[in-house]
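One letter stands for each residue in the lines below.
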Amino acid sequence: NSGSDAITLALRALDLEPNMVDARLQMVYVYLHHGDKAQAHELIDALSQEAGNDPAVLFVAGMLYRLDGLYDQALAQYDRLLELNRRDIVLVSYNRGRIYTHQRDYDRAMWYGGGRMIKLYQCGLTEQRLYTGEIDGIWRPELADAFKKCVRDVTCDPLPADEHCRAATSWSDPVEVSLWVAN
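Here the residue index of a chain counts from 1 through its sequence in written order. Residue-level local features of this predicted model are given only where pLDDT is at least 70; pairs of side-chain atoms are given and counted only at 80 or more, and the full residue set underlies all totals for whole chains, interfaces and linings. Excluded from the side-chain calculation are hydrogens and water; included are all heavy atoms of the structure.

Q: If you had to explain helix 5 (residues 71-84) to someone new, which residues and values would you point to?
A: Compared with an ideal rise of 1.5 Å per residue, which puts 14 residues at 20 Å, helix 5 spans 20 Å between its outermost C-alpha atoms and is within 8% of the ideal. Only protein chains enter the accessibility calculation, which uses a 1.4 Å probe. A residue is then buried if its area is under 20% of the maximum for its type, exposed if over 50%, and partly exposed in between. Here a strand is any run of E in DSSP of at least two residues, a helix any run of H or I of at least four, and the numbering for each starts at the N terminus. Three or more residues of helix 5 are buried, namely Tyr71, Ala74, Leu75, Gln77, Tyr78, Leu81 and Leu82. Along the axis of helix 5, the buried positions cluster into a sector of 155°, meaning they face one direction only. In this structure, helix 5 carries Asp72 and Glu83 as exposed residues pointing more than 90 degrees from its buried face. Expected span, for any helix, means 1.5 Å times one less than how many residues it has. Our arc is simply the arc of the directions from the helix axis toward the C-beta atoms.

Quick look at the structure:
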């Protein structure tokens, strides 16, 4: 099982080097996977104190804040991440888009998330049976109509379940990524 192998390797790395940031970050994911969010927060808080300018620490801290609905704190982590490394623009923009989606601010979500976020909406609204068009990252009137229906229904979530639409929304084309970053 690759999950238990990853845990074993992270624990072994920590035995050899107890302060290794990457292995400790891996343990944050292990704690989350096992439902121990308090332990994950405790570890990321310690890592933030010790390695607060490490981009991976900032990213994981932002993710945890986002999962807890602490969007302002998550955005602050992503802002800091971008200050340290402008090359993380795609990662930061996409995660900003996810936060704005959770806040139901879809215009800002698409502004930051771009075509990839639009693909997520197309896929999610297809799951909700509100959209039947292409899943191609292009905004079109049918998608706008589906959004209007979704926004009126407080139980509607325009984002797909995490296990759905992964292929349609992944960055598979390096040229697409570089063009997006350039714009």
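Q: Account for the packing of aromatic side chains, naming residues and giving values.
A: Paired rings are identified among Phe, Tyr and Trp, the last through its six-membered ring, by centres lying within 6.5 Å, and are further divided according to the angle between planes into stacked (under 30 degrees), edge-to-face (over 60) and tilted (the rest). Using the criterion set out here, one finds six aromatic pairs in the structure. When the centroid spacing of 4.9 Å and the interplanar angle of 45° are considered together, the rings of Tyr106 and Phe147 count as tilted. Residue Tyr106 is located in helix 7 (residues 106-127), and its partner Phe147 is located in helix 8 (residues 141-152); the two are separated by 41 residues in the primary sequence. Judged on exposure class, the residue Tyr106 and its partner Phe147 are both buried.

Q: I'd like a rundown of helix 2 (residues 21-33), residues and numbers included.
A: Spanning 13 residues, helix 2 covers 19 Å between terminal C-alpha atoms, matching the ideal 18 Å at 1.5 Å per step. Here helix 2 has its buried residues at Val21, Ala23, Arg24, Leu25, Met27, Val28 and Val30. Once helix 2 ends, the next one or two residues include Gly35, with phi positive near 80°.

Q: Can you break down the pattern of salt bridges residue by residue, with the values?
A: The salt bridge criterion pairs a side-chain nitrogen of Lys or Arg with a carboxyl oxygen of Asp or Glu, the two atoms within 4 Å. Going through the model one piece at a time under the given rule, you end up with six salt bridges. Residue Glu50 is joined to Arg24 by a salt bridge in which the shortest nitrogen-to-oxygen separation is 2.6 Å. Placement of Glu50 in helix 3 (residues 37-50) and of Arg24 in helix 2 is noted, with a sequence separation of 26 residues between them. Among the residues examined, Glu50 registers a relative accessible area of 52% and is labelled exposed. In this structure, Asp68 engages Lys37 in a salt bridge whose closest nitrogen and oxygen atoms are separated by 2.8 Å. Taken together, the positions of Asp68 in the loop between helix 4 (55-67) and helix 5 and Lys37 in helix 3 put the pair 31 residues apart, joining distant regions of the chain. With a relative accessible area of 30%, Asp68 lands in the partly exposed category. Taking the relative accessible area as the measure of exposure, Lys37 reaches 34% and is therefore partly exposed.

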